[in-house]
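So the chains spell out like this:
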Amino acid sequence: MNPADLKFLIVDDFNTMRRIVRGLLKEMGANNADEAEDGAVALQMLKNARYDFVVSDINMPNMNGFDLLKAVKADASLKHIPVLMVTAEARKEDILLAAQSGAAGYVVKPFTKATLEEKVTKIMQKLQATAA
């Protein structure tokens, strides 16, 4: 599965961070990305359109990344969508909570295109193996 075929949703309360992630995805060949400034907006977007992959920050106002992740995994029509969590802090309890809550992966800021690409590729390979 090629990143170019996927529709991404980038969720972060910082416009600059959304732009950085969008830029990295573009370098990977993924030009199809929408943005949301918090989990609440993202959840509405996920319910109204088809997305293949979510890249979400953890610390956001209104609805944080963990709440968004739980909402996605609790929704039968959304729970198949992989959610890659992004955070500025690599706290063990956060990594554990992300994994327990069903996150597909975890990236610590700042990260490079190589890191993001590796995570996205691994997650997609895992999904394809499960789907096969």
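Since the structure is predicted, the reported quantities are computational estimates derived from the model, not experimental observations. Every chain is numbered on its own, with residues counted from 1 as its sequence reads. Local features in a predicted model are, by the rule used here, given only for residues with pLDDT of at least 70; side-chain atom pairs are given and counted only at 80 or more, and totals for whole chains, interfaces and linings are based on all residues. The basis for every side-chain value is the complete set of heavy atoms in the structure, and neither hydrogens nor water enter the calculation.

S.K.: Help me out: how do you make sense of the overall build of the chain in this one?
M.R.: Here a strand is any run of E in DSSP of at least two residues, a helix any run of H or I of at least four, and the numbering for each starts at the N terminus. Helix and strand content of the chain: five helices and five strands. Mapped from its N terminus to its C terminus, the chain presents α and β elements in the order β-α-β-α-β-α-β-α-β-α. A radius of gyration in this sense is built from C-alpha atoms; the matching globule rule multiplies 2.2 Å by the number of residues raised to 0.38. For 132 residues, the compact-globule estimate of 2.2 N^0.38 gives 14 Å, and the chain sits close to it at 13 Å. In terms of its C-alpha atoms, the chain occupies a principal-axis envelope of roughly 30 × 30 × 30 Å. Only protein chains enter the area calculation, which uses a 1.4 Å probe; residues under 20% of their type maximum are buried, those over 50% are exposed, and those in between are partly exposed. Looking at the chain as a whole, 45% of its 132 residues are labelled buried. Charge assignment in this entry is limited to Lys and Arg as positive and Asp and Glu as negative, and neither His nor the chain termini are counted. In this description, the location of a charge corresponds to atom NZ of lysine, CZ of arginine, CG of aspartate or CD of glutamate. Side chains of the chain give 17 positive and 17 negative charges; the mean places of these two sets differ by 4 Å.

S.K.: How do you make sense of the pairing of strand β1 (residues 8-11) when you look at a structure like this?
M.R.: Every other side chain in a regular strand lies on the same face of the sheet, so the side chains alternate between the two faces. Judged by which residues are buried, β1 turns out to be covered on both faces: Phe8 and Ile10 on one side and Leu9 and Val11 on the other are all buried. In the classification by handedness, the crossover that spans β1, the intervening helix α1 (residues 15-27) and the parallel strand β2 (residues 33-36) is right-handed. At least two DSSP bridges between two strands are required for those strands to pair. Note: β1 against strand β3 (residues 53-57), four bridges, orientation parallel. Among the inter-strand pairings, Ile10 is bridged to a residue of β3, identified as Val55. Seen with the strands pointing away from the viewer, any crossover whose path from the first strand over the helix to the second strand runs clockwise is right-handed.

S.K.: Looking at this structure, I do not really get the packing of helix α3 (residues 65-74) against helix α4 (residues 92-100). What am I missing?
M.R.: Helix-helix packing is described using two parameters, namely the angle between the two axes and the distance between the axes. Contact geometry of α3 with α4 gives a least axis separation of 10 Å together with a crossing angle of 15°. By the angle between their directions, the pair α3 and α4 is classed as roughly parallel. Our pair here, α3 against α4, has a crossing hand that is left-handed. In this structure, α3 contributes Phe66, Leu69 and Lys70 to the contact, and α4 contributes Asp94, Leu97 and Ala98. Throughout, an axis means a line fitted to C-alpha atoms (over the contacting stretch in the case of helices), and angles, computed between N-to-C directions, take values from 0 to 180 degrees. Convention used here: angles under 35 degrees read as roughly parallel, angles over 145 as roughly antiparallel, angles from 65 to 115 as roughly perpendicular, and any remaining angle as oblique. The handedness criterion is simple: a crossing whose near helix is rotated anticlockwise from the far helix by less than a right angle is left-handed, and one whose near helix is rotated clockwise is right-handed. The contact definition used throughout considers only heavy atoms, calling two residues in contact when any of these lie within 4.5 Å.

S.K.: Looking at this structure, I do not really get the sheet that holds β3. What am I missing?
M.R.: Strands pair in a sheet through their backbones, by hydrogen bonds, and they do so in one of two ways: parallel or antiparallel. Taken together, five strands build an open sheet; the order of strands is β2-β1-β3-β4-β5 and the sheet is parallel. Because the sheet does not close on itself, it has two edges, and the strands there are β2 and β5 (105-108). Recorded for the sheet is a direction-independent mean angle of 20° between the axes of neighbouring strands. In terms of strand pairing, β3 meets strand β4 (residues 83-87) through four bridges, oriented parallel. Bridge pairing in β4 places Val54 opposite Val83. On top of the sheet, α1 reaches β1, β2 and β3; it is set at about 165° to β2, its chief contact.

S.K.: Explanation requested: the pattern of salt bridges in the structure shown.
M.R.: Any two side chains of opposite charge can pair, given that their charged atoms come close. For this document, the term salt bridge refers to a Lys or Arg side-chain nitrogen within 4 Å of an Asp or Glu carboxyl oxygen. Scanning the entire structure with this criterion turns up eleven salt bridges. With a closest N to O distance of 3.3 Å, Asp94 and Arg91 form a salt bridge. The class of Arg91 is partly exposed, set by a relative accessible area of 35%. In this structure, the salt-bridge partner of Glu118 is Lys122, at a minimum N-O distance of 3.0 Å. With Glu118 and Lys122 both in helix α5 (residues 113-131), this residue pair falls four residues apart, about one helical turn.

S.K.: Looking at this model, I keep getting lost on the pairing of β2. Mind explaining?
M.R.: The sheet contact formed by β1 and β2 spans four bridges and is parallel. The residue of β2 that forms the bridge with Leu9 is Asp34.

S.K.: How should I be thinking about the packing of helix α2 (residues 39-48) against α3 in this particular structure?
M.R.: At a minimum axis separation of 9 Å, α2 and α3 run at an interaxial angle of 25°. Of the possible angle classes, the one that applies to α2 and α3 is roughly parallel. In the crossing of α2 with α3, the sense of the turn from one axis to the other is right-handed. Packed against α2, whose contacting residues are Gly39, Ala42, Leu43 and Leu46, the element α3 presents Leu68, Ala71 and Val72 at the interface. All amino acids are sorted into three groups, where Ala, Val, Leu, Ile, Met, Phe, Trp, Tyr, Cys and Pro are nonpolar, Asp, Glu, Lys and Arg are charged, and the leftover types, Gly among them, are polar. Looking at the contact of α2 with α3 residue by residue, the class counts come to six nonpolar, one polar and no charged.

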